[in-house]
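Survey of secondary and tertiary structure
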Amino acid sequence: MTEPLDLPVGELAHLVQTGAVSALEVAQLSLARIERSAALGAFLHVAEEQVMQAARHLDERRSRGETLGALAGVPIAVKDALCTLDAPTTAGSRILTRQPDGTCPDDSGAWRPPYDATCVARLRGADALIIAKTNMDEFAMGSSNENSGFFPAKNPWDPQRVPGGSSGGSAVAVASGAVVGALGSDTGGSIRQPAAFCGVVGVKPSYGRVSRYGLLAFASSLDQVGPMARDVRGAARLLQAIAGHDALDSTTSQDPVGDYEQACDEDARGLRVGVPRQYFEAGIDDEIREATDTAIAALQTRGCTLRELDMPHTHYGVSTYYVLATAEAASNLSRYDGVRFGLRVEGDSGQDIHSMYSATRGSGFGSEVKRRIMLGTYALSAGYYDAYYVKAQRVRTLMRRDFDRAFETVDVIAAPSSPTPAFKLGERSRDPLSMYMADVYTLPASLAGVAALSVPIGTTRPSEGRKPLPIGLQLMAPAGSERTMLRAAAEWERARGTPAPIPPVEA
Amino acid sequence: MALTKEQVLHVARLANLSLTDEEVHQAAEDLGKILDHVAQLQELDTDGVPATAHVRVSEMPLRADVAVPGLATSAVLAESPRISAGGFAVPKFMDEE
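In short, a report on the structure. (Residues numbered from 1 in each chain as written. Chains lettered and ligands numbered in written order. Predicted model: local features only at pLDDT ≥ 70, side-chain atom pairs only at ≥ 80, totals over all residues. Heavy atoms only, no water.)

Another aspect to go through is the overall build of chain B. For chain B, the count of helices and strands is 3 helices and 2 strands. For chain B, the sequential pattern of α-helices and β-strands runs α-α-α-β-β. Relative to the compact-globule value of 13 Å for 97 residues, chain B shows a C-alpha radius of gyration of 22 Å, a clear excess of over 25%. On the principal axes, the C-alpha backbone points of chain B span a range of 50 × 40 × 30 Å. Taking all 97 residues of chain B together, the buried fraction comes to 29%. Carbon and sulfur atoms make up 55% of the accessible area of chain B, which totals about 6900 Å². Side chains of chain B carry 7 positive and 16 negative charges; the gap between the two charge centres is 9 Å. (Helix = DSSP H or I, 4+ residues; strand = E, 2+ residues; numbered from the N terminus. Rg over C-alpha atoms; globule rule 2.2 N^0.38 Å. Buried < 20%, exposed > 50% of the residue type's maximum accessible area, 1.4 Å probe, protein only. Areas by Shrake-Rupley, 256 points an atom, 1.4 Å probe, with all protein chains shown as cover. Lys, Arg positive; Asp, Glu negative; His and termini not counted. Charge placed at Lys NZ, Arg CZ, Asp CG, Glu CD.)

Turning our eyes to something else, we now look at the overall build of chain A. Looking only at helices and strands, one finds 16 helices and 11 strands in chain A. In terms of overall size, chain A behaves like a compact globule, its C-alpha atoms giving a radius of gyration of 22 Å where 507 residues would be expected to give roughly 23 Å. Principal-axis analysis of the C-alpha atoms gives chain A an extent of 75 × 60 × 50 Å. Sequence-distant contacts, at least 24 apart, represent 77% of the contacts inside chain A between residues at least 6 apart. Total accessible area on chain A stands at roughly 16800 Å², and carbon and sulfur atoms take up 49% of it. Across chain A, the mean location of the 51 positive side-chain charges is 2 Å away from that of the 59 negative side-chain charges. (Contact = heavy atoms within 4.5 Å.)

Quick look at the pattern of salt bridges now. A full pass over the atoms with the stated rule returns 31 salt bridges over all chains. In this structure, the salt-bridge partner of A:Arg98 is B:Glu79, at a minimum N-O distance of 4.0 Å. Here B:Glu79 lies in the loop between helix H3 (73-77) and strand E1 (83-84) and A:Arg98 lies in the loop between strand E2 (75-79) and helix H4 (118-125), a pairing that spans two chains. The class of A:Arg98 is partly exposed, set by a relative accessible area of 32%. A salt bridge links B:Glu23 to A:Lys370; the shortest N-O distance between them is 2.8 Å. (Salt bridge = Lys/Arg side-chain N within 4 Å of Asp/Glu carboxyl O.)

The next subject is the sheet that holds strand E4 (residues 181-186) of chain A. All names here are of chain A. Judged by pairing direction, the sheet is mixed, and its 11 strands sit side by side in the order E1-E3-E2-E4-E6-E5-E10-E11-E9-E7-E8 without closing on themselves. Only two strands of the sheet have a single neighbouring strand rather than two, namely strand E1 (43-46) and strand E8 (305-309). Adjacent strand axes in the sheet meet at a mean angle of 30°, parallel and antiparallel pairs treated alike. Strand direction decides the pairing type here: E4 and strand E6 (residues 224-229), joined by 6 bridges, are antiparallel. Bridge pairing in E6 places glycine 184 opposite glycine 226. Those strands touched by helix H7 (residues 232-242) are E2, E4, strand E5 (201-204), E6 and strand E10 (451-459), and its axis lies near 145° from that of E6. Sitting on the sheet, helix H9 (residues 286-301) is in contact with strand E7 (272-276), E8, strand E9 (412-416), E10 and strand E11 (470-477), with an inclination near 50° to E11. (Pairing = 2+ DSSP bridges. Axes fitted to C-alpha atoms, helices over the stretch in contact; angles between N-to-C directions.)

All names here are of chain A. Counted residue by residue, helix H5 (residues 168-175) has 8 buried out of 8 residues, so it is predominantly covered. Looking only at H5, the buried set comprises Gly168, Gly169, Ser170, Ala171, Val172, Ala173, Val174 and Ala175. The secondary structure elements touched by the buried residues of H5 are E1, E2, strand E3 (129-134), E4, helix H6 (192-198) and E6. Count one or two residues on from H5 and you reach glycine 177, which has phi positive near 80°.

The next thing to look at is the interface of chain A and chain B. Tallying the contact residues gives 67 residues for chain A and 51 residues for chain B. Surface buried jointly by chain A and chain B totals about 5200 Å² across both partners, of which 64% is contributed by carbon and sulfur atoms. Where chain A meets chain B, there are 4 salt bridges. In this structure, A:Glu346 engages B:Arg82 in a salt bridge whose closest nitrogen and oxygen atoms are separated by 2.7 Å. Applying the counting rule to chain A against chain B returns 23 residue pairs in polar contact (both at pLDDT 80 or more). Looking at the side of chain A that touches chain B element by element, the count peaks at 12 residues for helix H13 (residues 386-409) of chain A. Partitioning the side of chain A that touches chain B into residue classes produces 30 nonpolar, 23 polar and 14 charged. (Buried area = accessible area lost by both parts, 1.4 Å probe. Polar contact = N/O pair within 3.5 Å; in protein donor to acceptor, adjacent residues only side chain to side chain. Nonpolar A, V, L, I, M, F, W, Y, C, P; charged D, E, K, R; others polar.)

Remark: helix H12 (residues 367-380) of chain A packs on helix H2 (residues 21-38) of chain B, axes separated minimally by 10 Å, with the N-to-C direction vectors making an angle of 60°. The orientation of H12(A) relative to H2(B) falls into the category oblique. Handedness of the crossing formed by H12(A) with H2(B): right-handed. On the side of H12(A), the interface is formed by A:Lys370, A:Arg371, A:Met374, A:Leu375 and A:Tyr378, while H2(B) contributes B:Glu23, B:Ala27, B:Asp30, B:Leu31, B:Ile34 and B:Leu35. Its residues assigned to classes, the contact of H12(A) with H2(B) shows 7 nonpolar, no polar and 4 charged. (Parallel < 35°, antiparallel > 145°, perpendicular 65-115°, else oblique. Left-handed = near helix turned anticlockwise from the far one by under 90°.)

Turning our attention to the layout of surface pockets. All names here are of chain A. Computed from the structure, the largest pocket encloses a volume of approximately 1000 Å³. Where the lining of the largest pocket is concerned, the elements lending two or more residues are helix H1 (9-18), helix H2 (23-36), H5 and helix H16 (482-496). Broken down by class, the residue content of the lining of the largest pocket amounts to 20 nonpolar, 4 polar and 11 charged. Here the second largest pocket is characterised by a volume of approximately 570 Å³. Lining the second largest pocket are 25 residues, and of these Trp111, Tyr115, Leu216, Arg335 and Phe341 sit closest to its centre. Across the lining of the second largest pocket, the residue classes break down as 16 nonpolar, 3 polar and 6 charged. (1 Å grid on protein atoms, 1.4 Å probe; cavity = no way out; pocket = protein on both sides within 12 Å on 5 of 7 lines; lining within 4 Å. Points joined across faces, edges and corners; volume = space filled by probe spheres on them.)

Within the secondary structure layout, A:Ser319 lies in helix H10 (residues 317-332). By relative accessible area, A:Ser319 is classed as buried at 0%. Not counting chain neighbours up to four residues away, the residues in contact with A:Ser319 comprise B:His37, B:Val38, B:Gln40 and B:Leu41.

Moving on, we get to the pairing of E6(A). Residues and elements named next belong to chain A. For E6, the buried fraction is high: 6 of the 6 residues fall into the buried class. Burial along E6 is two-sided: Gln224, Gly226 and Met228 and Val225, Pro227 and Ala229, pointing in opposite directions, are all buried. By the bridge criterion, 2 bridges tie E5 to E6 in an arrangement that is antiparallel. Each bridged residue has a counterpart across the sheet, and for glycine 202 the counterpart in E6 is methionine 228.

Keep in mind these numbers describe shape, not what the thing actually does.
Here it is, written out as structure tokens:
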């Protein structure tokens, strides 16, 4: 009999809904796995008491004959950039703690929000168990989880390698089997790339499909919250629970939310799949190119038609993003000033408020955050605003037009999620620009605001120096067309036949 | 090309960031390299291309002008490093000369 935590999302929810397994038992199983996997560094806070209480309450309601929600008893981990009522929330940063020297948020007097993020509230409303907050690159700035203010997270496929970022902890939590689903956030690839590195499904909804209320903001015109799960259907059910207009976030779409699980049942015959040649040029790992070609050919065998695309502005993505996102971040992160929440570094009585701001921010922010704030500030400063910020905004339009043109002739775009598999800890952390290049394939979809996901398509071959590492296929669809890309991703899973490989258990 | 120390300090002051000498030196190099890469944007002809400030929102949606409850003051002040007289206490600030 399959262990409850290894079941797909919907099947586990069904068992809890019918009472075949208690929510309390599921919570305990998840807590045990969370503890056993501690060395991977996926979690910043485990909400043990809260989740046990929630699980008991759920079991009581069921025993009274109440119908439980679509995610009943499903343990879900939530990226620490999302506000969870009365539970530590740090966005991976020491500036949201009281003491920068504690070893983890629980020791360091982490900030406790007075409200749940909308996504978190909606998951609770579906009776999910919010069990833990996951590790991340500080303020979502990073592609490896090495920029966490606390400790790095490690890839369960090879703990000497990164899990990707910035939603590294969420990807590890799902890949290791400690939780059944997770929420991450994606600004330039921060769900898709760690999903690819860890061998799980990760969805970046189209901009405005999911509320950002309660997501500690990095770049407001790019951020999106999205689900991670071991299979497409699981991600679809999570997305269903969180998607939709929110009066608390005026950038959310009024468009009705489609039936995402039902999309997974539709076959993809006749779907037009575009393959942009710019995603297959120099710099892509041979095995990734091969695996991606094979997966796309499999879609063709299942009845999709293929078409080559030309998306000429793809390689301007890194430059465009690192001007616009950093400019928006410089503005968003100005709220961390020591006044109302988090860290305050107050000197002697002679200090004025500006010294307090600078000392607090200098001490509380890590080096990548400071670097990006400075970059963004520079791009917005007098004399540089037109050449950098406005220029980048115009190039963003050119990149959107690449997608508009592509979607005139195809329904979905297929490409690699990342040019390389998971790299080693420390390999890119000294060279910011090389780290930024890790996102080259995920940035364009973020800049255009379209829907995108990563689905696992296999692993690299084991070799002398290297364990097998997951490879992800990226599928992109027009804004609002999440159903189309879920349909294509589910078709791939059917073509693959067997479930996605799981990380080998360490002896 | 690296930024100058003065450029870094200027930006750091605008951003209210206090940096060590080592951080200033590293930033000058790092930011210089990144900006060198970003210069590739100048290759593109963007005459007549409108700027995208936002991918979705063209008009700001409005809501009815009806008061709704917000956070309780106690919740707002609960996490403040220092409070005084029902507000956030901060070091004094002086007018710019």
